[in-house]
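# Coordinate inspection notes
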Amino acid sequence: MPIKIPKAQKKKEKKVSSRKKFLFSSPRGMHDLFKKDFEYRDKIEQATKKVASFYGFDRIETPILEDAKIFERGTGLSSEVVSKQMFYAKSRGSEGRLALRPEMTPGVLRAYIQKGLQQVLVPGKFFYISPLFRYERPQAGRFRQFWQLGFEVIQSPQAIYDAQIIIATYKICQELHIKNPIIKINSIGGRLSRNGYIKKLKDYYRGKTTKMCKDCQKRYKDNPLRMLDCKNERCQVFKDEAPQAIDALVGEDRNHFKQVLEYLDEVEIPYLIDHALVRGLDYYTRTVFEIFSENYDAALGGGGRYDYLSETLGGPKMAGVGSAMGIERIIDILKEQEKPRKTSQKRQGIFLVQMGQEAKKRSLRILELLYEARIPIKESFTKDSMKAQLKAADKEGSRFALILGQREVFEDTILLRDMKTGNQEVVACEKLVSEVKKRLKKK
Ligand code: HAM
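So, here's what we can say about the structure. (Residues numbered from 1 in each chain as written. Predicted model: local features only at pLDDT ≥ 70, side-chain atom pairs only at ≥ 80, totals over all residues. Heavy atoms only, no water.)

## A closer look at the environment of Ser-385
The condition is simple: Counting from the N terminus, the helices are DSSP H or I runs at least four residues long and the strands are E runs at least two residues long.
Among the secondary structure elements, Ser-385 is positioned in the loop between strand E13 (377-379) and helix H14 (386-396). The sequence separation of Ser-385 and Ala-299 amounts to 86 residues, and the corresponding C-alpha distance is 49 Å.

Right, here's the structure in full:
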C-alpha cells in the first residue's frame, strides 16, 4: 500500500524544492545572448556587412583555438593580452599548446598565408564578426568573452590603406548613428624611428622610474613605449613632458603619417593627434589609432599598422593594417542613445491568440499560411486564456492580434484585433493573408 504523505509535509517539500539553488551559471565575464541582444547585434552585423561590401572586404572566420605561439610571438609577450589575459586550452593530442584567441589579427594573417593567398589576393582585404576571449577583471564594457567586428588589409604598405581602415571604422559609427565619433591617432614609427624614439624615452625616464608604478619599472626594461599609456596616477605626471613619437619620425615614416592625415582631411574625418597613444599590442608600427564616442570613456575600437607581424610569425615580408571594434561597447552606446526613443516605440507585427483544443490545432494551419506568405507572427501556446494571451501580445508591442476560438474554427474565420484601438473584425481565413498584408502596409 502506498505511504500517504501528510498535506502539510507535501507543501513544505514543494517549497523546499522550488527554492533549491540551480548549480550552474555561465563562466564569470561570459554571457548568454537572448532575443533583445540580437536586435542590436543584427543591426551591427548589417552595418558591418554594408561597409565591408562597399570597400571590398571579404568575410573571414578563423578557428577559436590557435597555436598559442601565434599570439605569444605576434601579439607579443610584453602585451597584457598575452602575458596576463590568455586562456590556454589543453588538448589530448600532440597539437602543442593551444589558446582561445584573444584577438583576430594574427589568426587572419596566418589563414591568409596558409591558404597561399599572398600570390593571388593582393591586397587581402578581410572583415570579421567574431567572439574573443581575454581573462580580464569583468566590468562595464570589459568581459572575458566579447565580440569584435574588424577589418584587415594585408600586403598594403600604402598610407591610403591606413586611411581606408580608419574611414571604414568611422563609417560603422555613422551607419549606426553613433553620436560624434572621434579618432585619436598617433604614429609610433617603423623600426628605424622607433629605435631612436625608444632611446629618447629611456633617456627621459632614466632616474624617474623609482617614483613610478611597478609595471612601469618593468616596462622601462621590456617595452618603454607602454609607459606612455599607463593609467596609474603616480605615472601621469611624467607623461606631459615625455618626448613625442612624431618628433622622432624619420624618412618614410614621417611622410607616411603626413599622408594618412592628409587623406583623413580629404574626407573630413575628425581626428586628434594623441601623443600618448601607443596601443597595447606589440606588433604595431607607424599609424596607431582608437575611436571614441561622446559620453563613453573606453575606446569603441582601435587599430593600426603591423608591417612586421608576418615576419615575426616566420612568414614573408608583408605589411598590413587593420582595426577592430568592441560589439558590446557599441551596444552600450546604442542602448543609451535609444533610451528616449524607446518610450514612443511603434507597435509592430502580429500575435496569434487561440482558445480551446480545436483552435489550438487550427492555429498550426494559420501559422503555416503566414509562413508561406513570409509574414512573421508570434504566439503563446503556453497560455490558454484570452486575457493572458492578449496581455502577452501587448507586452510584445504587437500591432494586431489574430484571435481564434471554437466559433471561428467552425466558421473558418478569424478575429482581427487592432491592438491600438481595440477594434475587432471578422475575416474569412481564405482572405487572411491579403487582409493582414493590407493592414500591415497601412499602419
Ligand atoms: P584591441 O584594442 O585590443 O585591438 O581591441 C579592439 C576593441 O575590442 C577595443 O577597443 C574594445 O572595444 C574591444 N575589447 C577589447 N577587449 C575587450 C573586452 N575584454 N571586453 C569587451 N570589449 C573588448 C585588437 O584587438 C586588435 N586586433 C585590433 C586590430 C586589428 N589591429 C589591427 N588590426
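## Quick notes on the site of the ligand
Note the cut-off: We call a residue near a molecule or strand when any one of its heavy atoms sits within 4 Å of it. Within 3.5 Å is the distance limit for a polar contact, defined as a pair of N or O atoms, with the added protein rule that one can donate a hydrogen and the other accept it, and that residues adjacent in sequence qualify only through two side-chain atoms. Here the accessible surface of atoms and residues is derived via Shrake-Rupley with a 1.4 Å probe, and residues count as covered only by protein chains that are part of the display.
Glu-103, Glu-136, Phe-143, Glu-152 and Tyr-284 are the nearest of the 27 residues found near the ligand. Backbone polar atom of Phe-143 to a nitrogen atom of the ligand: 2.9 Å apart, as the coordinates give it. A distance of 2.6 Å separates a nitrogen atom of the ligand from a polar side-chain atom of Tyr-284. Here the ligand, which alone exposes 660 Å², has 96% of that area covered by the protein. When residues of the shell around the ligand are traced back to their parent elements, those giving at least two are strand E6 (145-154), strand E10 (296-305) and strand E11 (320-326). If one sorts the elements of the shell around the ligand by residue count, E10 sits on top with six residues.

## Overview of the nonpolar core
We apply this condition: Nine residue types can take part in a nonpolar core, namely buried Ala, Val, Leu, Ile, Met, Phe, Trp, Tyr and Cys, and a core is a set of them joined through side-chain atoms within 4.5 Å. For the exposure calls, accessible area comes from a 1.4 Å probe over protein chains only, and a residue counts as buried if that area is under 20% of its type's maximum, exposed if over 50%, partly exposed in between. Residues are treated as being in contact if the distance between any of their heavy atoms lies within 4.5 Å.
Of all hydrophobic cores here, the largest spans 44 residues; its most connected members are Leu-149, Phe-151, Ile-185, Leu-300 and Ile-330. Sorting elements by how many residues they give to this core places helix H6 (residues 159-175) first, with 10 residues. Ignoring any residue separated from it by four or fewer positions in sequence, one finds Leu-300 in contact with Cys-173, Ile-178, Ile-291, Ser-293, Ala-324, Met-325, Gly-326, Arg-329, Ile-330 and Ile-333. Membership of the second largest hydrophobic core comes to 42 residues, among which are Met-104, Cys-216, Tyr-220 and Tyr-284.

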